[in-house]
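Observations on the model geometry
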Amino acid sequence: MARVGVFVCHCGTNIAGVVNIPEVLEAAEKMPMVVSATDNKYSCSEPGQASIREAIIENNLNRVIVAACSPRMHEITFRRALASAGLNPYLLEMANIREQCSWVHSDNKEIATNKAIEIIKMAVAKVIRHEPLYPRQVGITKRALVIGGGITGIQTALDIANAGYGVVLVEREPSIGGRMAQLDKTFPTLDCSACILTPKMVDLSQHPKIKLMTYAEVKKVTGFIGNFEVEILHKAKKVDHLKCIGCGICWQKCPEKVPSEFDLGLGKRTAIYIPFAQAVPPKPVIDLSHCRYTKYLTWVATGQEGKKPPECRICEKLCPTAAIAWDQEEQLFTEKFGTIVVATGYQTYDYSHYKEYGSRDFADVITGLQLERLMSASGPTGGEVTRLSDGSHPKTVAFVCCVGSRDQQRGRPYCSKVCCMYTAKQAIMLKEHDPEVQCYIFYIDVRAGGKDFEEFYLRAIDEAGVIYIKGRPSKIYQDGKKLIVLGEDTLMGRPVEIPVDLVVLATGMEPSAGADELARNLNISYDTYNFMVEAHPKLRPVETHTDGIFVAGACVGPRDIPECVAQGSAAAAKVAALFSQDTLTTEPLIAVVNQARCIGCLLCVTICPFKAVDYQTTQDGRLIAATNESLCKGCGLCIAACRPKAIDLRGFTNQQILDEVAGLWL
Amino acid sequence: MAVSHEPRIVGFLCNWCSYAGADLAGTSRITYPANIRIIRVPCSGRVDPLFVVKSFQLGADGVLIAGCHPGDCHYTEGNYHTRRRFALLRPFLDYLGIDQERFRLEWVSASEGKKFSEVVADFTETLKRIGPREI
Amino acid sequence: MKQSAYPYYPGCTLKASAKEYDISARLVCAQMGIKLEELDDWVCCGAASAHGIDRLLSIALPARELVTAQKFKAPLVTACALCFSRFKFAAYELRNEAMRNLIKYIIGEGEIQQNSDGVIHLIQLLDNNKDDIRVKKLLNGLRVACYYGCLLVRPKEVTNFDDEEEPQIMDKLIKLVEAETVDWKFKTECCGGSHMLTRPDIVIKLSHRLLYQAKQAGADCLAVACPVCHYNLDSNQKKIEANYKDNIGLPVFYFTQLVGLAMELSPKQLLLNKHFVNPMPLLQRKGLI
């Protein structure tokens, strides 16, 4: 038998000044199952809570109504008060007679009083149906998965590992390092990118808490916070990395040369390769689509048609440790993790849609990232900036900003954030490489928001003599050896026509290929450009709507290096905070299945946004739904969808809500 | 003497946007007609069509469901289900002899206290115009 | 052969300086079994000036002809790129109901139907019926730079014609008669248009770039679909050559004339003798006449 206590709060004059408290108390006493109705000046104050506590004990109450402010304000406070009186905290219901009554109906005290009584009536009807609820504890696998081995992923992995927890870092390329490894210098300090990145890469590879999995991809994710199960595909490297000592003889002698992805097609690599000299791990993989021996094997397998390819196997013959493993196949492993951090980064926009800029028809129109490779001392030209067409040194260079950024027509309305600064940096660097170089930068706006950024931009003008022209070029075309850039100087209101030796397109950022597929796998949202969506752009920037899964870096939106590093550390701090607990407490206000009523239609499984409803087979062989308490967020979508009313939401059951409505007409 | 009709509205408000919006109307001291009785639900997607029909059966003059704006659902997609579910319920109300104007689905965010008060005022006005339900 | 009729709006230049365009268009269409029915009592489309002076006037003028053309079951065909642009703009603006009512009040006759696809350009007409083009003589060996000009393709949401930077529709027609088309980057760059009257320096510069680039790309001649482009590139060519001390000598054809040649219409019928840059030596050299 329910014994309900009603506690009406004056909230000073906030409620009492409008609502006639004695009248409310008198009405409340007459409500069903109510054994006491008392008032308090300030229920939330310590004396107020104490009087509730005493009344619970004194009247042997087992249900409590606090008629006061919004439950969004003080539900937790009063739940604690119930707990301190030895009562299950979930036997509380709040009647919101302040925000939704006294404050909005101060113009008519009689109406406000009547409404307050009705609100309490509804709460009484609901509270009678409350059941004691108990939060559950689940264990945590204290091991984190970091997806992506760029600067963000590296920072995240190092920070988590330094906090003392195990980390697995998965990178799909043969080496970690990401985009930052391709850069020559970084703005605005002109630090050598490799010099600040490679020590971190080495630290990571040698850290006892970090397990590095390169040339591997995340295939499937199941489970929930603290207990994820992840299938990781290890692609066939065809090289036994346990035996390999990274001597390099194989990639020096491999006869098959193919365009290097790392050098963006500007240089060559071999079929057995490490992407760049400082690669981590410094051990090669064999690119099967180009390997001569693999081609030979295919030729044998397909019936020996056509010309016989060479059998090659030079790497195998030369390898001093017999590390070449032709029988190595791709392998799928399942590992357990407590949290996952996504740091899959970005790629640059493919400007072939820009037909007015030649769609890759002109050899001397290159992208910003390609220029980085040309300027890098370890790049394909050894740091000499030369034209691809004739190998000459360009003396006039035009930069075009916002290619694939801030362009509604190309479906890329967002700002890529880093291009203004990297074009300024590249112009300064070009001037340092060759003082005779004259740079022109076509821009829409110069966005130099960042520490020392504006000063850096001014340095490009003052010291490097860069000429900034406000306007997006309309056309680039070849005229003899020169490229002609047509545009408008919108500040002068005049068309401009500049013949240059080299054009650099500052292509914008877009999420790495496959980011959408990964996001779907992890059940996290992504926007129309496939950038991952954070739980809150201001207050929860590295969290997602799926508990235990974090995002960091340029996979969320265009970011520069310091931001990526900060986000990586932020995600690591979140992971460490989670791992500092031994168990996780789960909210009991979740959906539960009445197995006897379930007909196994499994509509709930398809409707649940959190993959929290699964199915199981009963002993008598029926298929029924089952909720996962750790994944369920208690939204109640499945309940409204359930036809036989077999699934219900604790704290907001169908019966409770119907009774609440009916309470109005009691 | 003609007594002016005071309609009763049952409002199902999602906890994250609309209930917070109604709270904001309170903290901003925006007055609106006292004809609404609010029931808090975790998400507008929690609202079973049965709740609406039952409210009408018990004597409600109007039923309001308010949730987060499309795209802003705290549970990512609950309000999309709400939108579809009640597009289907609406014509069914005609069949029950309940004027479709007595049922409303509105998007009220946590920052739209003003909008919430306007919705209630406008709905109350509409229900007064339609007059009491003939049962 | 099937017979079909289309309402046809020639526009003012096709009755005067671009007569050869009008005549070759009619001849080619007749060969294809298409009857171009010139609208009765047509007025100026307002090109070049109306839209700079009075927006309503610039919509009302083409709208009047759109209403006249409505009695046909087929879309209105225009040959001039300027007319095409103005008609497309008018149709675009008339999607708005308030604008339709206002224009109806101004022109004071007929109901205005809402149909932005109701206008097509002559190239589109030929392209839609390309199966009816009976090629009798292949134009092998002729290297043509197809020049579309700016008004056919832009703005895309209004004209809905072809790619703004790399259109192909005219190239496809020219390839159909087995002439070669050159790949060049200036298909849709401006020739200077009607600025010839006020700022000839601009036109000479822009048109020179077009002719120069076409020649660089290896073209023997240009094909155009606009009387103003033709004027700037053909009749001004001597002036351009003098100005830049450059020997260009590129004949400029209307695309209809090239298609006509392939139908074995005579140069005289196609009025090839009307051009300022004489195309006969080129055609003789290539063995096409």
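First things first, this report covers the structure right here in the doc.

The next subject is the sheet that holds strand β21 (residues 396-403) of chain A. Residues and elements named next belong to chain A. The parallel open sheet is built from five strands, whose spatial order is β20-β27-β21-β22-β23. What marks the edges here is a single partner per strand, and that holds for β20 (365-367) and β23 (467-470). Ignoring strand direction, the axes of neighbouring strands in this sheet form an average angle of 25°. Against the sheet, helix α12 (residues 419-433) makes contact with β21, β22 (438-443), β23 and β27 (502-507), and its axis sits at roughly 150° relative to β27, the strand it touches most.

Next up on the list: the sheet that holds strand β7 (residues 221-224) of chain C. Residue and element names in this part refer to chain C. Ordered by their spatial adjacency, four strands build an open sheet running β6-β5-β7-β8, and the pairing between neighbours is parallel. Looking at which strands have only one partner, the edges of the open sheet turn out to be β6 (180-181) and β8 (252-254). Two elements, β7 and β8, share three bridges in a ladder whose sense is parallel. The residue of β8 that forms the bridge with L222 is V252. Here helix α12 (residues 255-262) sits on the sheet and contacts β5 (143-147), β7 and β8; the angle it forms with β8, its principal contact strand, is near 75°.

A word on helix α11 (residues 368-375) of chain A. All names here are of chain A. When you tally the buried positions in α11, you get eight out of eight residues, the bulk of the element. Within α11, burial applies to G368, L369, Q370, L371, E372, R373, L374 and M375. Those residues of α11 hidden inside the fold are in contact with β8 (185-186), β19 (346-348), β20, β21, α12 and β27.

All names here are of chain A. Along the polypeptide, T339 turns up in strand β18 (residues 339-342). With a relative accessible area of 0%, T339 lands in the buried category. If sequence neighbours within four positions are ignored, T339 has contacts with R143, A144, L145, F228, G548, F550, V575, L578 and F579.

Counting across every chain of the model gives two disulfides over all chains. One disulfide in the model links C192 of chain A with C195 of chain A; its S-S distance is 2.3 Å. Across the disulfide from C192 of chain A to C195 of chain A, rotation about the S-S bond amounts to roughly 80°, and the bridge is consequently right-handed. Take C192 of chain A: its relative accessible area is 26%, and that puts it in the partly exposed class. Each disulfide pairs two cysteine sulfurs, and for C17 of chain B the partner residue is C68 of chain B, the sulfurs being separated by 2.4 Å. Between C17 of chain B and C68 of chain B the disulfide shows an S-S torsion of about 100°. By sign, it is right-handed. On the criterion of sequence distance, the pair formed by C17 of chain B in the loop between β1 (9-14) and α1 (18-27) and C68 of chain B in the loop between β3 (62-67) and α3 (78-96) is long-range, its members being 51 residues apart. In this structure, C17 of chain B and C68 of chain B share a single accessibility class: buried. Of the cysteine sulfurs around C44 of chain A, a residue in no disulfide, the closest is that of C9 of chain A, at 6.1 Å. You can call C44 of chain A partly exposed: its relative accessible area is 33%. Sulfur of C221 of chain C: no disulfide; nearest cysteine sulfur belongs to C146 of chain C and is 8.9 Å away.

Parameters at a glance
Residues numbered from 1 in each chain as written. Chains lettered and ligands numbered in written order. Predicted model: local features only at pLDDT ≥ 70, side-chain atom pairs only at ≥ 80, totals over all residues. Heavy atoms only, no water. Pairing = 2+ DSSP bridges. Helix = DSSP H or I, 4+ residues; strand = E, 2+ residues; numbered from the N terminus. Axes fitted to C-alpha atoms, helices over the stretch in contact; angles between N-to-C directions. Contact = heavy atoms within 4.5 Å. Buried < 20%, exposed > 50% of the residue type's maximum accessible area, 1.4 Å probe, protein only. Disulfide = S-S within 2.5 Å.

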